[in-house]
Amino acid sequence: MDLQWKDHLSQRLRTIQPTSSNNPFLSWKYTGRFKDNRVPQAVCDLCGNKGLRYQFLVVHAETGEALWVGSQCVLLFDVSLEYVRRSQNQARKREQDEIKEIPEEQFNQIILEMQAIYPHLTDREQRRLRWAMGKFQRRGAFSPGDLAWLFMRMAYLEIVPEFHCYPITLHTKQDRTEIRQMTLTELQLISACLTIEQRALCQEWGLAVLVT
């Protein structure tokens, strides 16, 4: 571990809670509480690092002061790297298990609508649709860019999709880049597919997503 970084964190801990100990980390304990934010949006209360998906709660033994820290900073509080990785892997597994639980009726409705528009697309568009569907089946949800493109093509063909059937993912950096680069029209098209949590994230990012 970088000694300069650790010294910086020690000073930060003394700012939060002064201590006479030469090792201020000894006054803090990991609570066992772990949080998966699903998207990398959180900030480490200790070092200020941004874009965290996973956080761990530590508390001061005497004052009860609590900090949500990242997977790097939590290693300073007598927590092993193996434990951190196991917690992250379990969170990702739970996420994958949830993604796979798309009702058969919902999945079949998406397939029916894809079959309806496929013959009306150009060869290039058909290739893109096959690629988008392949990603959807692997991830259990559409990326923002794929879904916006799909709905734009359906609107051009005067086909109205069952918007609520189309799950969308904002898990990766690419997903977030795609939705930030969308026009207002595209955001309006996909807004009905966003969950309450996803809409809240979009509002935090300053996106004009309309609640429908």
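As the structure is a prediction and not an experimental result, all values here were calculated from the model.

Colleague: Explain the pattern of salt bridges to me, and be specific about the residues and the numbers.
Modeller: Inspection of every chain in the model, using the stated rule, returns six salt bridges. One salt bridge connects Glu125 with Arg153, and the closest N-O pair in it is separated by 3.1 Å. Here Glu125, found in helix α4 (residues 123-139), pairs with Arg153, found in helix α5 (residues 144-156); they are 28 residues apart in sequence, far enough to count as distant. Both residues of the pair, Glu125 and Arg153, belong to the buried class. With a closest N to O distance of 4.0 Å, Asp146 and Arg128 form a salt bridge. With a gap of 18 residues between them, Asp146 in helix α5 and Arg128 in helix α4 connect regions that are remote in the sequence.

Colleague: So what's going on with unusual backbone geometry? Residues and values would help.
Modeller: Keep in mind that most residues, glycine aside, have a negative phi and that most peptide bonds are trans. The phi torsion at Asp78 lies on the positive side, around 55°, for a residue other than glycine. At Glu158, a position not held by glycine, the phi torsion is positive, near 60°. Here Glu158 is to be found in the loop between α5 and α6 (173-180).

Colleague: Got a sec to walk through the packing of aromatic side chains? Specific residues and values, please.
Modeller: Scanning the model with the defined rule gives nine aromatic pairs in all. On the basis of an interplanar angle of 50° and a centroid distance of 5.1 Å, the ring pair of Phe34 and Phe56 is categorised as tilted. Here the residue Phe34 occupies a position in strand β1 (residues 28-36), and Phe56 occupies one in strand β4 (residues 54-60), the gap between them amounting to 22 residues. On the accessibility criterion, Phe34 (22% relative accessible area) is partly exposed. Look at Phe56 and you get buried, because its relative accessible area is 0%. A centroid spacing of 5.7 Å and a plane angle of 40° characterise the contact between Phe142 and Tyr166, whose relative ring orientation is tilted. With Phe142 in the loop between α4 and α5 and Tyr166 in the loop between α5 and α6, the pair connects residues that are 24 residues apart, well separated along the chain.

Criteria and cut-off values
Residues numbered from 1 in each chain as written. Predicted model: local features only at pLDDT ≥ 70, side-chain atom pairs only at ≥ 80, totals over all residues. Heavy atoms only, no water. Salt bridge = Lys/Arg side-chain N within 4 Å of Asp/Glu carboxyl O. Helix = DSSP H or I, 4+ residues; strand = E, 2+ residues; numbered from the N terminus. Buried < 20%, exposed > 50% of the residue type's maximum accessible area, 1.4 Å probe, protein only. Phe/Tyr/Trp six-rings, centres within 6.5 Å; stacked < 30°, edge-to-face > 60°.

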